[in-house]
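Understanding the architecture of this molecule
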Amino acid sequence: MKIIGTGRAHPAKVVTNAMLEEFLDTSDEWIKERTGMSVRKVISDEKLEDLAIEASIKAIEDAGLKATDIDYIICSNVVNEYVTPSLSCIIQGGVGAKCACVDVNAACSGFIYALDMADDRLKSGKARNILVVAAEEPTRMVDWSDRSTCVLFGDGAGAVVVTQGEGMICSRLTTQSKTSCLYYKRMLEPTPYITKEETAGPMYMNGREVFKTAVLSSAKDITKLLKQAGLQPSDLKYYILHQANMRIIEAVANYLKLDMSYFPTNVERCGNTSSASVALLLDELHRDGKLQRGDKILMSAFGAGFTTAACIIEWTK
Ligand code: UT7
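Not measured: the values here are computed from a predicted model.

**Here we look at the site of the ligand**
Near the ligand you find 23 residues, and of these Thr26, Arg34, Arg208, Asn245 and Asn272 are the closest. Contacts to the ligand include Arg208, whose side-chain N or O atom sits 2.5 Å from an oxygen atom. Between the ligand and Asn272 there is a distance of 2.7 Å, counted from an oxygen atom to a side-chain nitrogen or oxygen. For the ligand, whose unbound accessible area comes to 960 Å², protein coverage reaches 75%. Those elements that provide at least two residues to the shell around the ligand are α2 (28–35), α6 (147–150), α7 (207–229) and α8 (246–256). By residue number, the principal contributor to the shell around the ligand is α7, which donates four residues. Of the residues that constitute the shell around the ligand, the class distribution is 11 nonpolar, seven polar and five charged. Residue assignment places the shell around the ligand across two domains, with domain 1 (2–166) and domain 2 (171–314) each supplying three or more.

Right, here's the structure in full:
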């Protein structure tokens, strides 16, 4: 596959650390020092589906295609208002495409999982142009009285259009069933037959455990991919890492002995936008003219599961 178009959409509401201080026992100093975040963009009166559609339309326009040229839509999403139909079905109607649609949930790694699926579908010849969207509203999963989680997240949608080409150099996906350190459970409807005890509640996260696992797994994925591609760390133009915490990104940079100029970030402005973070950042780099044809870019993410996904692509647009 190769990427031929990108797009993104952010919610309008900007929530500063000072705004969080108004109702939480927290401080701008703590949040900046421990996470690198200053503001996050949070869904208020928008619907996630509208952000996903806006990002998708921009990506299709950037690719120079019509919506009817898209023959498959894959959307990475953890939650939205609908359990069914899938968000990709809603996006199809919103952009005016006429193709098969599917959602994937690989938590924050989902955008790279979806790209890898798109690559396979293009290789098999079953599709020509695929819209890959990552649309997330993690601010609807957290308890807004829990300072250890609610300050961390933001919402948004990023999209790319991929077509047949030689842009995917290599990829690596992993999952280890480790469900107790990060989860969100919701209550299903009762039935006359349910006798088991069921629980639901806002997102639970063991931050320290996730932090350690994230640094180790990202470092491992990146090392393996560089070796597979026969590249040195400095051969890449950018490392677009999942934007969960500036300290995780700095730890990976330190491990690779690279300075932070290789690691563009949006975590300070957008918070952790789950699987949308890598897609949002890719679009920002492209639209700011920071990507040149032939640049090699590594994308890497981790999330609940525990899942990880990473790939090296060549920028071919
Ligand atoms: O994409 C999903 C994946 N999630 C992540 O990648 C998150 C990974 N983890 C992290 O980013 C960090 O672990 C956090 C940012 C969540 C927490 O940072 P930390 O340096 O690991 O802090 P901690 O959890 O060890 O907490 C240190 C202290 C605690 O107080 P005590 O027990 O030392 O008195 C917390 O209660 O900081 C306290 N604390 C806060 N204080 C002010 C936790 N949240 C806050 C807060 N404001 N918002």
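**What about the nonpolar core?**
Counting residues in hydrophobic clusters, the biggest one holds 43 residues, and the most contacted among them are Ile222, Leu226, Tyr239, Leu256, Phe263 and Ile312. Every element with two or more residues in this core is listed here: α7, β11 (238–241), α8, β12 (296–303) and β13 (305–314). Domain assignment of the residues forming this core places at least three in each of domain 1 (2–166) and domain 2 (171–314). Setting aside residues up to four positions removed in sequence, Ile222 forms contacts with Tyr239, Leu241, Val252, Leu256, Leu298 and Ser300. Of all hydrophobic cores here, the second largest spans 37 residues; its members include Ile112, Ala127, Ala134 and Ala301.

**Quick notes on helix α10 (residues 276–287)**
Under the 1.5 Å per step criterion, the end-to-end length of α10 is 16 Å for 12 residues, consistent within 8% with the ideal 16 Å. For α10, the tally of buried residues reaches 11 of 12 residues, placing the bulk of the element in the interior. Buried within α10 are the following residues: Ala276, Ser277, Val278, Ala279, Leu280, Leu281, Leu282, Asp283, Glu284, Leu285 and His286. Of the residues trailing α10, Gly289 is marked for its positive phi of about 70°.

**Observations regarding the pattern of salt bridges**
A complete count under the given rule lists 16 salt bridges for this structure. With a shortest N-O distance of 3.5 Å, Arg147 and Asp25 are connected by a salt bridge. Here the residue Arg147 occupies a position in helix α6, and Asp25 occupies one in the loop between α1 (17–21) and α2, the gap between them amounting to 122 residues. Between Asp28 and Lys32 there is a salt bridge, and its shortest N-O distance comes to 2.9 Å. Within this pair, Asp28 and its partner Lys32 are both found in helix α2, separated by four residues, close to a single helical turn. Relative accessible area serves as the criterion here: at 40%, Lys32 is assigned to the partly exposed category. Salt bridges sharing common partners tie together Arg8, Asp283 and Arg287.

**Description of the sheet that holds strand β7 (residues 156–163)**
An order of β1-β7-β6-β4-β5 is seen for the five strands of this open sheet, with the pairing classed as mixed. Here the strands that pair on one side only, and so sit at the sheet edges, are β1 (2–9) and β5 (100–104). Within the sheet, the average angular offset between the axes of one strand and its neighbour, ignoring direction, is 15°. Here strand β6 (residues 129–136) runs beside β7; their pairing, made up of eight bridges, is antiparallel. Within the sheet, the bridge partner assigned to Glu136 lies in β7 and is Gly156. Together, β4 (72–76), β5, β6 and β7 form the strand contacts of helix α5 (residues 110–123), whose direction differs from that of β6 by roughly 170°.

**Re the packing of aromatic side chains**
Using the criterion set out here, one finds four aromatic pairs in the structure. Where Phe23 meets Trp144, the ring centres are 6.4 Å apart and the plane angle is 35°; that geometry is what we call tilted. On the criterion of sequence distance, the pair formed by Phe23 in the loop between α1 and α2 and Trp144 in the loop between β6 and α6 is long-range, its members being 121 residues apart. For Phe23, a relative accessible area of 47% gives the class partly exposed. On the basis of relative accessible area, Trp144 is assigned to the partly exposed category, the value being 26%. Relative to Phe263, the ring of Tyr239 lies with its centre 5.0 Å away and its plane at 20°, an arrangement referred to as stacked. Residue Tyr239 is found in strand β11, and its partner Phe263 is found in the loop between α8 and α9 (267–270); the two are separated by 24 residues along the sequence. Phe263 shares its class with Tyr239; the two are buried. The cationic tip of Arg121 hangs over the ring face of Tyr72; the distance from NZ or CZ to the ring centre is 4.2 Å.

**So, the domain arrangement of the chain**
The assigned domain composition of the chain is domain 1 (2–166) and domain 2 (171–314). Contact residues are listed per partner, giving 50 residues for domain 1 and 44 residues for domain 2. Counting every contact that joins domain 1 to domain 2 gives one salt bridge. Asp283 is the partner of Arg8 in a salt bridge, and the nearest nitrogen-oxygen pair spans 2.8 Å.

Cut-offs applied
- By convention here, each chain's residues receive numbers from 1 onward along its written sequence.
- Confidence filtering applies because this is a predicted model: local features only for residues at pLDDT of at least 70, side-chain atom pairs given and counted only at 80 or more, and all residues used for totals across whole chains, interfaces and linings.
- Note that the side-chain values use all heavy atoms of the structure and ignore hydrogens as well as water.
- A cutoff of 4 Å decides nearness: a residue is near a molecule or strand if any of its heavy atoms lies inside that distance of it.
- We define a polar contact as two N or O atoms separated by no more than 3.5 Å, with the added condition that, inside protein, one atom must be a possible hydrogen donor and the other a possible acceptor, whereas residues neighbouring each other in sequence contribute only through side-chain atom pairs.
- In short, Shrake-Rupley with a 1.4 Å probe defines the accessible areas, and a residue's cover is counted only from the protein chains shown.
- Numbering of helices and strands starts at the N terminus; helices are DSSP runs of H or I of at least 4 residues and strands are runs of E of at least 2.
- Think of it as three bins: nonpolar holds Ala, Val, Leu, Ile, Met, Phe, Trp, Tyr, Cys and Pro, charged holds Asp, Glu, Lys and Arg, and polar takes everything else, Gly as well.
- Note that the domain bounds reflect an automated or database-derived domain assignment.
- Each nonpolar core is a collection of buried residues, namely Ala, Val, Leu, Ile, Met, Phe, Trp, Tyr and Cys, held together in the definition by side-chain atoms within 4.5 Å.
- For each residue, the accessible area found with a 1.4 Å probe, counting protein chains only, is set against the maximum for its type, and the residue is called buried under 20%, exposed over 50%, and partly exposed in between.
- By definition in these notes, contact holds between two residues if any of their heavy atoms fall within 4.5 Å.
- Here, expected helix span is obtained from the residue count minus one, scaled by 1.5 Å.
- Each reported salt bridge corresponds to a side-chain nitrogen of Lys or Arg within 4 Å of a carboxyl oxygen of Asp or Glu.
- By this definition, two strands are paired if DSSP reports at least two bridges between them.
- Helix axes use the C-alpha atoms of the stretch in contact, all axes being lines fitted to C-alpha atoms, and the angles between their N-to-C directions lie in the range 0 to 180 degrees.
- Any two of the Phe, Tyr and Trp rings considered here, Trp counted by its six-membered ring, make a pair once their centres fall within 6.5 Å; the pair's planes then place it as stacked at under 30 degrees, edge-to-face at over 60, or tilted in between.
- Only Lys NZ and Arg CZ are tested; either one counts as a charge over a ring when it is within 6 Å of the ring centre and within 35 degrees of the ring normal.

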